[in-house]
Amino acid sequence: MKLPYTIILLFTFAMSLSAQRTLLYPEFGYSQNWNKKAGGYALSLNFQIKTGEREAIGIEIGQVYTEGAWLLPNDYVEQGNYNIGTVDQPAPLQQFANSRSDFPALSLSSATDRYFNFNFALKQMWMPRLGPKSELLLGLGAVFSFREEKGLVKWVEINGSGVQDHAPYFPDEPFFQPIYQMDIYWDLGAMLEAGYRYQLSERMFLQGGAKAFYFPPSGNWLSTATAAVGFWL
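Quick notes on the rules
- Residues numbered from 1 in each chain as written.
- Predicted model: local features only at pLDDT ≥ 70, side-chain atom pairs only at ≥ 80, totals over all residues.
- Heavy atoms only, no water.
- Helix = DSSP H or I, 4+ residues; strand = E, 2+ residues; numbered from the N terminus.
- Buried < 20%, exposed > 50% of the residue type's maximum accessible area, 1.4 Å probe, protein only.
- Contact = heavy atoms within 4.5 Å.
- Areas by Shrake-Rupley, 256 points an atom, 1.4 Å probe, with all protein chains shown as cover.
- Core = buried A, V, L, I, M, F, W, Y, C linked by side-chain atoms within 4.5 Å.
- Polar contact = N/O pair within 3.5 Å; in protein donor to acceptor, adjacent residues only side chain to side chain.
- Phe/Tyr/Trp six-rings, centres within 6.5 Å; stacked < 30°, edge-to-face > 60°.
- Patch = residues over 30% accessible without salt bridge, like charges linked within 9 Å, V, L, I, M, F, W, Y side chains within 5 Å.
- Salt bridge = Lys/Arg side-chain N within 4 Å of Asp/Glu carboxyl O.
- pLDDT = per-residue confidence, 0-100.

## Here's the deal with the overall build of the protein
- Helix and strand content of the protein: 2 helices and 8 strands.
- Out of the 233 residues in the protein, the part that is buried amounts to 45%.
- In the protein, 66% of the contacts between residues at least 6 apart in sequence involve partners at least 24 apart.
- Accessible surface for the protein amounts to roughly 12,800 Å². Of this, 63% is attributable to carbon and sulfur atoms.

## So, the environment of Leu138
- For Leu138, the position within the fold is in strand 5 (residues 134-158).
- Residue classification places Leu138 among the partly exposed positions, given a relative accessible area of 37%.
- Considering only alpha carbons, one finds Leu138 and Lys123, 15 residues apart in sequence, at a separation of 9.9 Å.
- Residue contacts for Leu138: discarding those within four places in its chain leaves Gln124, Met125, Trp126, Pro128, Glu193 and Ala194.

## A word on the nonpolar core
- Listed in full, the 8 residues of the largest apolar core are Ala42, Val64, Ala121, Val143, Met191, Phe213, Phe215 and Leu222.
- Within the second largest apolar cluster, 6 residues are counted, among which are Leu45, Ile49, Ile59 and Leu233.

## Some details on the side chain of Asp187
- Within the element layout of this structure, Asp187 appears in strand 6 (residues 175-199).
- Accessibility expressed as a relative area gives 3% for Asp187, which makes it buried.
- A distance of 2.4 Å separates polar atoms of two side chains, one belonging to Asp187 and the other to Ser218.
- Ignoring anything within four residues of it in the chain, the contact list for Asp187 reads Val143, Phe144, Ser145, Arg147, Phe215, Pro217, Ser218 and Asn220.

## Structural notes on the side chain of Ser31
- Its location among the elements puts Ser31 in strand 1 (residues 22-33).
- Judged by its relative accessible area of 0%, Ser31 falls in the buried class.
- At 3.1 Å, the side chain of Ser31 and the backbone oxygen of Tyr41 are in polar contact.
- Residue contacts for Ser31: discarding those within four places in its chain leaves Ala38, Gly39, Gly40, Tyr41, Ala42, Val64, Tyr65, Thr66, Ser223 and Thr224.

## A few points about the packing of aromatic side chains
- Taken as a whole, this structure holds 7 aromatic pairs when the rule is applied.
- Ring centres of Phe28 and Tyr41 lie 6.3 Å apart, and the angle between their planes is 25 degrees; this geometry places the pair in the stacked category. You can see Phe28 sitting in strand 1 and its partner Tyr41 sitting in strand 2 (residues 38-50), a full 13 residues away along the chain.
- Chaining the aromatic ring pairs together yields one cluster made of Tyr25, Phe205 and Trp232.

## Brief notes about a nonpolar patch on the surface
- Side chains of Leu130, Leu136, Tyr196, Tyr198, Leu200, Leu206, Val229 and Phe231 sit close together on the surface and give an oily, nonpolar patch of about 660 Å² of accessible area.
- Within the residue set of the nonpolar patch, elements represented by two or more residues are strand 6 and strand 8 (220-232).

## Remarks on unusual backbone geometry
- In the Ramachandran plot, Lys37 falls in the positive-phi region, its phi being about 55 degrees despite a non-glycine side chain.
- You can see Lys37 is positioned in the loop between strand 1 and strand 2.
- For Lys37, a relative accessible area of 58% translates into the label exposed.

## Thoughts on the pattern of salt bridges
- Within this structure, the stated rule accounts for 8 salt bridges.
- Residues Glu135 and Arg54 are paired through a salt bridge, measuring 2.9 Å at the closest nitrogen-oxygen approach. With Glu135 in strand 5 and Arg54 in the loop between strand 2 and strand 3 (55-68), this residue pair connects regions lying 81 residues apart in the sequence.
- Using a relative accessible area of 10% as the deciding quantity, one classes Glu135 as buried.
- A salt bridge links Glu135 to Arg197; the nearest nitrogen and oxygen atoms lie 3.2 Å apart. Of this pair, Glu135 sits in strand 5 while Arg197 sits in strand 6; the two residues are 62 residues apart in sequence, bridging distant segments of the chain.

## A look at the confidence of the model for the protein
- The share of residues in the protein with pLDDT of 70 or more is 65%, and the mean pLDDT across the chain is 79.
- By mean pLDDT, the top-scoring element of the protein is strand 7 (residues 204-215) (96), and the lowest-scoring one is helix 2 (residues 76-79) (53).

See below:
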């Protein structure tokens, strides 16, 4: 996990700049991957340096994880278990199996598709005041993201009479083989942020907000809704 090491680094850096009115806050909440129709969680650490009375530069390090279940067989819910081949188990456990019952009945994960983003964002923040203890948060920034993706692309129904493996193995019934697509790459995008901050004390505040991320190279849209407890350093 990259995030814990980043938290330690940012916290050490922030403490060295405490005289400049810096603040640090972790965020946790819900995330949505709109392209993939997947939902999950968002976890990030934010660091801000005030550059004016109502302005700041923000640095955000975080991860966004989403998952979904798509392209499953129509009767997946009713069946519960499927005799399927997987990367880990491409053939039956018995070398000379000759029936469908000899193939281990595997339950598909409830999340066949999984998507992970590790984001680094640099943003400009504006904080219009609403009252003596509350203010809005508005942000615009650039995001550099490391992405890992795994998705179920399709099912292949294999006719037993035409299949042979190393055993050899001739299944007497058709069976399904899931075909996955996996990818790891870097992505570049932009983000918008809007939120609300309430000052609990001189050094402590509560915050809630929403963010939208768009990555033109991959065409991915992400959004998050998070809450935070923060501290002035």
